[in-house]
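Examination of the molecular architecture
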Amino acid sequence: MNAPRLLLSLDDALARLVAAAAGHAIDEVETVSTFDALGRVLAADVRSALDVPPADNTSMDGYAVRSADVAVAGAVLPVAQRIPAGHVGQPLQPGTAARIFTGGQVPAGADAVVMQEQCEALADAGGGMGAVRVNAVPVPGQWIRRRGEDVQHDSVVLPRGTRLTPQALGLAASVGAGTLAVLRRPRVALFSTGDELQMPGEVLRPGAIYNSNRFTLRALLQAGGCEVQDLGIVGDTLAATRAALREAAAHNDLIVTSGGVSVGEEDHLKPAAEAEGSMANWQIAIKPGKPLALGRIRREGGSAALLIGLPGNPVSSYVTYLLTVGTALRAMQGMPTALPAGLPLRADFDWPRPDRRREFLRVRLNDQGGLDLFANQSSGVLTSAVWADGLVDNPPGQAIARGDSVRFVPLAALVTR
Ligand code: AMP
Ligand code: MG
């Protein structure tokens, strides 16, 4: 029961985790419709076969002209053509204007667009397109979006390893990519240990609590693009824990558990993992967090699934997931693994009694551009994690006084990295 436990800095722990995860790299590639690729990780660069925009076009409704033809305000030009978006006009003859609409291709010879608010359409008795009085002197190039100003032909618009955001899907589509090569989703098994746990919807027995980690962790995995095998609640016995580990290892790359990683006699993860593979119990010098387990669970055929055992306290579980599981999943997918560096911001709070461990304080941006602290930083207070929009990454032993600059890491940057 008194197994020696390794005390590690977070950086050391992450370096070991990344090294272990690299042995579980996912390299199967799938081709998916760009429609269905949200959150997936690119397995190959997306390169553009064209310039975007493909041709000069107007960003205004108005008239395309040769600026030399409008040396003074009030010049009148016959309207020789009409160019709606999606249509290609004729070369613009000197001394004429083209009626043109946003997105319309600027005709050869025109070098400026005058917005319609600065023009007066003059009727044509003959039923033609009439003439236009241009009431402002155009600057060459105005209101023209240049060919290739967004994307140049043959450039890489999205490198492999990119997680596809909504805007990345739009960019891929803008260069004509109807399908994308992505990595297969990481397969992750999840279970919560604890005889005290019950599911929401049930009537609580005396001594019981509702299982919140199952929901938080499952949703984090889903938000991270994983396929989740949710094994539910596993009781605090060696046999149940071993059986759950075996089932979890069979078809998954990674097993994530919560609870049972201390070394109390009700903590069965370590003996179970040692029976089914191997496991090290770590103490990471962070708060919340601290206990973390890293192991490998054997499966038939001689390969193994990676095991990360998170602490049971809900905030610890959430924060350690973001720091460790998030990093391991990136390593498995060949993505950069550094934690988001965060940004310096002003603390609008005091933190006079820092811990000796590196702390991740739940804070919120205020309207003055500073940070407020959630009053109760206890690792069981999940309301703090919902109230917060970020964590202050505070060095070990560092007291904070109102007005100090601290390092702010947005939760959003951690959740979907
Ligand atoms: P453990 O790491 O198993 O000793 O659990 C530490 C604390 O977290 C205990 O108070 C547990 O009741 C609580 N806890 C463990 N698992 C969960 C869970 N899935 N949901 C909510 N609280 C939990
Ligand atoms: Mg427990």
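Parameters and conventions
- Residues numbered from 1 in each chain as written.
- Chains lettered and ligands numbered in written order.
- Predicted model: local features only at pLDDT ≥ 70, side-chain atom pairs only at ≥ 80, totals over all residues.
- Heavy atoms only, no water.
- Buried < 20%, exposed > 50% of the residue type's maximum accessible area, 1.4 Å probe, protein only.
- Helix = DSSP H or I, 4+ residues; strand = E, 2+ residues; numbered from the N terminus.
- Arc of directions from axis to C-beta.
- Contact = heavy atoms within 4.5 Å.
- Domains from an automatic or database assignment.
- Near = heavy atom within 4 Å.
- Polar contact = N/O pair within 3.5 Å; in protein donor to acceptor, adjacent residues only side chain to side chain.
- Nonpolar A, V, L, I, M, F, W, Y, C, P; charged D, E, K, R; others polar.
- Core = buried A, V, L, I, M, F, W, Y, C linked by side-chain atoms within 4.5 Å.
- Salt bridge = Lys/Arg side-chain N within 4 Å of Asp/Glu carboxyl O.
- Pairing = 2+ DSSP bridges.
- Axes fitted to C-alpha atoms, helices over the stretch in contact; angles between N-to-C directions.

Looking now at helix α5 (residues 269–276). Along α5, the residues classified as buried are Leu269, Lys270, Ala272, Ala273 and Glu276. Viewed end-on, α5 has its buried residues packed into an arc of 165°, placing them on one side of the element. Looking at the buried positions of α5, the neighbouring elements they touch are α4 (238–250), β18 (254–258), β19 (277–284), β21 (291–298) and β22 (304–310).

Looking at the assigned domains, one finds that the chain contains domain 1 (10–27 + 185–332), domain 2 (30–52 + 156–183), domain 3 (57–145) and domain 4 (343–412). Distance from the C-alpha centre of domain 2 to the C-alpha centre of domain 4: 36 Å.

Here we take up the site of ligand 1. Taken together, 15 residues surround ligand 1, and among them Glu196, Asn211, Gly260, Gly312 and Asn313 come closest. Contacts to ligand 1 include serine 212, whose backbone N or O atom sits 3.1 Å from a nitrogen atom. At 2.9 Å, a backbone N or O of glycine 260 approaches an oxygen atom of ligand 1. Looking at the shell around ligand 1, the elements with two or more residues in it are β14 (187–193) and β16 (209–210). Within the shell around ligand 1, the residues separate by chemical class into four nonpolar, ten polar and one charged.

Tracing the chain through its elements places alanine 64 in strand β5 (residues 62–65). Look at alanine 64 and you get buried, because its relative accessible area is 0%. Once the C-alpha coordinates of alanine 64 and valine 106 are considered, the two residues, 42 residues apart in sequence, prove to be 6.8 Å apart. Beyond its immediate chain neighbours, meaning those up to four positions away, alanine 64 contacts Leu92, Thr96, Ala97, Ala98, Ile100, Pro107, Ala110, Ala112 and Val113.

It is worth spelling out the nonpolar core at this point. Counting 40 residues, the largest nonpolar core has Leu221, Leu254, Ile308, Leu310, Tyr321, Val325 and Leu329 as the members making the most contacts within it. The leading source of residues in this core is helix α6 (residues 314–332), at eleven residues. When we break this core down by domain, the ones giving at least three residues each are domain 1 (10–27 + 185–332) and domain 4 (343–412). If you look at the next biggest cluster of nonpolar residues, it comprises 17 residues, including Leu245, Val261, Ala273 and Met279.

What follows is about the pattern of salt bridges. Under the criterion given, the structure shown has 18 salt bridges. With a closest N to O distance of 2.9 Å, arginine 214 and aspartate 230 form a salt bridge. Residue arginine 214 is located in helix α3 (residues 213–223), and its partner aspartate 230 is located in strand β17 (residues 227–234); the two are separated by 16 residues in the primary sequence. Of the residues examined, arginine 214 reaches a relative accessible area of 18% and is grouped as buried. Linking glutamate 276 and arginine 242 is a salt bridge whose minimum nitrogen-to-oxygen distance equals 2.8 Å. Placement of the pair is glutamate 276 in helix α5 and arginine 242 in helix α4, with a sequence separation of 34 residues. Judged by relative accessible area, glutamate 276 falls into the buried class, the value being 7%. Classification of arginine 242 by relative accessible area gives partly exposed; the value is 30%.

Here we take up the sheet that holds strand β10 (residues 131–134). Reading across the sheet, the six strands line up as β8-β5-β7-β6-β10-β9 and stay open at both edges, with mixed pairing between neighbours. Where the open sheet ends on each side, the last strands, each with one partner, are β8 (112–115) and β9 (119–122). Going from strand to strand, the sheet's axes swing by 40° on average, the running direction of each strand aside.

This brings us to the sheet that holds β14. Strand order across the open sheet formed by seven strands is β1-β19-β21-β22-β18-β14-β17, with mixed pairing between neighbours. Looking at strand neighbours, the two that pair on one side only are β1 (6–8) and β17, the edges of this open sheet. Direction aside, the axes of adjacent strands within the sheet are offset by 25° on average. Here β18 runs beside β22; their pairing, made up of five bridges, is parallel. Of the residues in β22, the one forming a bridge with threonine 257 is glycine 309. Against the sheet, α5 touches β18, β19, β21 and β22, its axis set at about 145° to β19.

Take the side chain of threonine 96 next. As for its placement among the helices and strands, threonine 96 is situated in the loop between β6 (75–83) and β7 (97–100). On the basis of relative accessibility, which here comes to 11%, the residue threonine 96 falls in the buried class. In terms of polar contacts, threonine 96 uses its side chain to reach the backbone carbonyl oxygen of glutamine 93, at 2.7 Å. Ignoring any residue separated from it by four or fewer positions in sequence, one finds threonine 96 in contact with Ala64, Asp69, Leu77, Pro78 and Ala80.

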